[in-house]
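Close look at the chain arrangement
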Amino acid sequence: MDFTSLPHGTFTLANVTVPACLLGRPGDLIRTDLGIAGARIAAPSGVAVDMRGAMVLPCFTDMHTHLDKGHIWPRAANPDGRFASALRAAGADRANWSPEDLRARMGFSLRCAHAHGTRQIRTHLDSAEGQFRISWPVFAELRAAWAGRIELQAVSLISCESYGDAEYPDLVRTVAEHGGVLGMVTYPLPDLTTRLQGHIETAAGQGLDLDFHCDETLDPASETLRLIAETVMETGYRGRVVVGHCCSLSTQDEGRALDTLDLVARAGLHVVSLPMCNLYLQDRGAGTPRRRGVTLVHEMKARGIPVSFASDNTRDPFYAYGDMDMLEVLREATRIAHLDHSDSDWIRSVTLTPEASCGFAPSSLSPGAPADLVIFRARDWTELLARPQSDRIVLRAGEAIRRDLPDHAELDTLWRDS
């Protein structure tokens, strides 16, 4: 097989490996043929190319990112890898977030994601202290410019202490005007329940979905996830609710943690785990870390809670690494959270599940679906996750795209001008 080129028009990817769960079938991996007719998946026909077992996946969905923070590391490095230091460094750098600066860095990340095979992204946008007036219009520009290549959603990122302040109504109005998602970072406060009720009722009144950063700490006393679940049920809110991180569950008494998960399941919350960033920040100290920071993904999935994985931060004070590559996310999640020797359908956590959790258009490998695919030389899971798969082919509308990754040096002028 010549892995570097494929036919155009109507052809068949013969003898490919596909996860059974993505075809709605039982089992793990299966061998099959996939037809391509123009921009869509079709019944096998035309020239048949023997793919020799190459794995085919639908393009990825990355449902929790921070495009506005991406790539500020050269001017806002984290001095010790701790969470508090990340907050300070990012906060200090925000003075540089002009439209030009944001456009360059966010566009760089989108080019990386596109080259790696991602077609849908939800990004959080720092929105406190008037930043929403700068960042949301830039987001709108990029969403229009990238339409047809990457579908974009945005979430307002404010702390729970910002709820109800003087600019909160303007922020909510901006989110609604841009078709966004109302977000919040939650941590223990004496009046958090009241703030959550108001925030959730505001979302309901505006017809907005919700997305929370919650319990991004290993302090077992942090139980804002539990409060969110209880408040969602008490208010009768009917929109989608995403909760991210949920790290403190991993250090709580098991009975208490599992009882919280029962509430999360009843409330219908969607969870996104960010294992790379949490592994980087959590349990930082002078010696060797003991705890991974990953939330209880297996226990969540066993309760029917939708669980996804995502990139989170990229080359900023919260995570010094990353390249917007969802295969890397899946590879590291598998190792960090022991997804192997478990259910065989975890591939859904970077494809079908985040699509549903965010309300993106669903992907499919069935005839009639858009031919937006990622093809890997690997023939099974261990081959797929053993290497970066830098020679993958990304098909968009049935055509292989150019996969040239942007050079980090392109951003050097941003650091010289700061």
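Residues numbered from 1 in each chain as written. Predicted model: local features only at pLDDT ≥ 70, side-chain atom pairs only at ≥ 80, totals over all residues. Heavy atoms only, no water.

Focus: the domain arrangement of the protein
The domains assigned to the protein are domain 1 (10–58 + 363–400) and domain 2 (60–358). The centre of domain 1, based on its C-alpha atoms, is set 30 Å off from the matching centre of domain 2. Taken as a group, Ser363, Leu385 and Arg396 account for 34% of the area that domain 1 buries against domain 2, more than any other trio of residues on that side. For the pair domain 1 and domain 2, the number of links is 2 salt bridges. Applying the counting criterion to the domain 1 and domain 2 interface returns 7 residue pairs in polar contact (both at pLDDT 80 or more). Those elements that provide at least two residues to the side of domain 1 that touches domain 2 are β5 (55–58), β14 (373–376), α12 (381–386) and β15 (393–396). Among the elements that make up the side of domain 1 that touches domain 2, the one with the highest residue count is α12 (4 residues). A per-class count over the side of domain 1 that touches domain 2 returns 13 nonpolar, 3 polar and 5 charged. (Domains from an automatic or database assignment. Buried area = accessible area lost by both parts, 1.4 Å probe. Salt bridge = Lys/Arg side-chain N within 4 Å of Asp/Glu carboxyl O. Polar contact = N/O pair within 3.5 Å; in protein donor to acceptor, adjacent residues only side chain to side chain. Helix = DSSP H or I, 4+ residues; strand = E, 2+ residues; numbered from the N terminus. Nonpolar A, V, L, I, M, F, W, Y, C, P; charged D, E, K, R; others polar.)

Let's talk about the packing of helix α5 (residues 192–206) against helix α6 (residues 224–235)
In the contact formed by α5 and α6, the axes pass within 10 Å of each other and the chain directions differ by 50°. Our classification of the angle between α5 and α6 gives oblique. The way α5 lies across α6 gives a crossing that is right-handed. Facing α5, whose interface residues are Leu192, Thr193, Leu196, Gln197, Ile200 and Glu201, α6 presents Thr224, Leu227, Ile228, Thr231, Val232, Glu234 and Thr235. The residue makeup of the contact of α5 with α6, split by class, is 6 nonpolar, 5 polar and 2 charged. (Axes fitted to C-alpha atoms, helices over the stretch in contact; angles between N-to-C directions. Parallel < 35°, antiparallel > 145°, perpendicular 65-115°, else oblique. Left-handed = near helix turned anticlockwise from the far one by under 90°. Contact = heavy atoms within 4.5 Å.)

A closer look at empty space enclosed by the protein
Counting across every chain of the model gives 1 cavity of 30 Å³ or more. Counted as a void, the largest cavity has a volume near 30 Å³. Around the largest cavity sit Ala128, Ile158, Ser162, Asp165, Glu167, Tyr168 and Leu171, which together line it. Across the lining of the largest cavity, the residue classes tally to 4 nonpolar, 1 polar and 2 charged. (1 Å grid on protein atoms, 1.4 Å probe; cavity = no way out; pocket = protein on both sides within 12 Å on 5 of 7 lines; lining within 4 Å. Points joined across faces, edges and corners; volume = space filled by probe spheres on them.)

Re α6
Under the 1.5 Å per step criterion, the end-to-end length of α6 is 16 Å for 12 residues, consistent within 8% with the ideal 16 Å. Of the positions making up α6, those classed as buried are Thr224, Leu225, Arg226, Ile228, Ala229, Thr231 and Val232. Those residues of α6 that are buried are in contact with β9 (182–186), α5, β10 (210–214), β11 (241–245) and α7 (254–267). A positive phi of about 70° marks Gly236, the residue just after α6. (Expected span 1.5 Å × (residues − 1). Buried < 20%, exposed > 50% of the residue type's maximum accessible area, 1.4 Å probe, protein only.)

Considerations on the pairing of strand β12 (residues 270–273)
Of the two faces of β12, the one holding His270 and Val272 and the one holding Val271 and Ser273 are both buried throughout. Handedness of the β11-α7-β12 crossover: right-handed. Where β12 lies against strand β13 (residues 307–309), 3 bridges are found, and the strand directions are parallel. When the sheet's bridge partners are listed, Val272 is paired in β13 with Ser308. (Right-handed = clockwise from strand over helix to strand, strands pointing away. Pairing = 2+ DSSP bridges.)

Looking at the nonpolar core
Ranked by internal contacts, the top residues of the largest apolar core, which has 118 residues, are Leu13, Phe212, Ile228, Val243, Leu269 and Ile375. Composition of this core by domain shows at least three residues from each of domain 1 (10–58 + 363–400) and domain 2 (60–358). Ranked by size, the runner-up nonpolar core spans 7 residues in total, among them Met63, Val242, Val272 and Phe360. (Core = buried A, V, L, I, M, F, W, Y, C linked by side-chain atoms within 4.5 Å.)

Notes on the pattern of salt bridges
Under the criterion given, the structure shown has 30 salt bridges. One salt bridge in this structure joins Arg82 and Asp80, with 3.8 Å as the shortest N-O distance. In this structure Arg82 comes out as partly exposed when scored by relative accessible area, which is 38%. The salt bridge partner of Arg105 is Asp101, with a shortest N-O separation of 2.9 Å. With a gap of 4 residues between them, Arg105 and Asp101 both fall in helix α2 (residues 99–116), about one helical turn apart. Here Arg105 matches Asp101 in class, with each residue buried. A single salt-bridge network, built from bridges that share partners, covers Arg75, Asp93, Asp101 and Arg105.

Regarding unusual backbone geometry
A negative phi angle characterises most non-glycine residues, just as the trans form characterises most peptide bonds. With a phi close to 55°, Arg52 is a non-glycine residue in the positive phi region. If you trace the backbone, Arg52 turns up in the loop between β4 (47–50) and β5. In this structure, Gln389 takes a positive phi of about 60° despite not being glycine. Considering the arrangement of structural elements, one finds Gln389 in the loop between α12 and β15. Since its relative accessible area comes to 6%, Gln389 is described here as buried.

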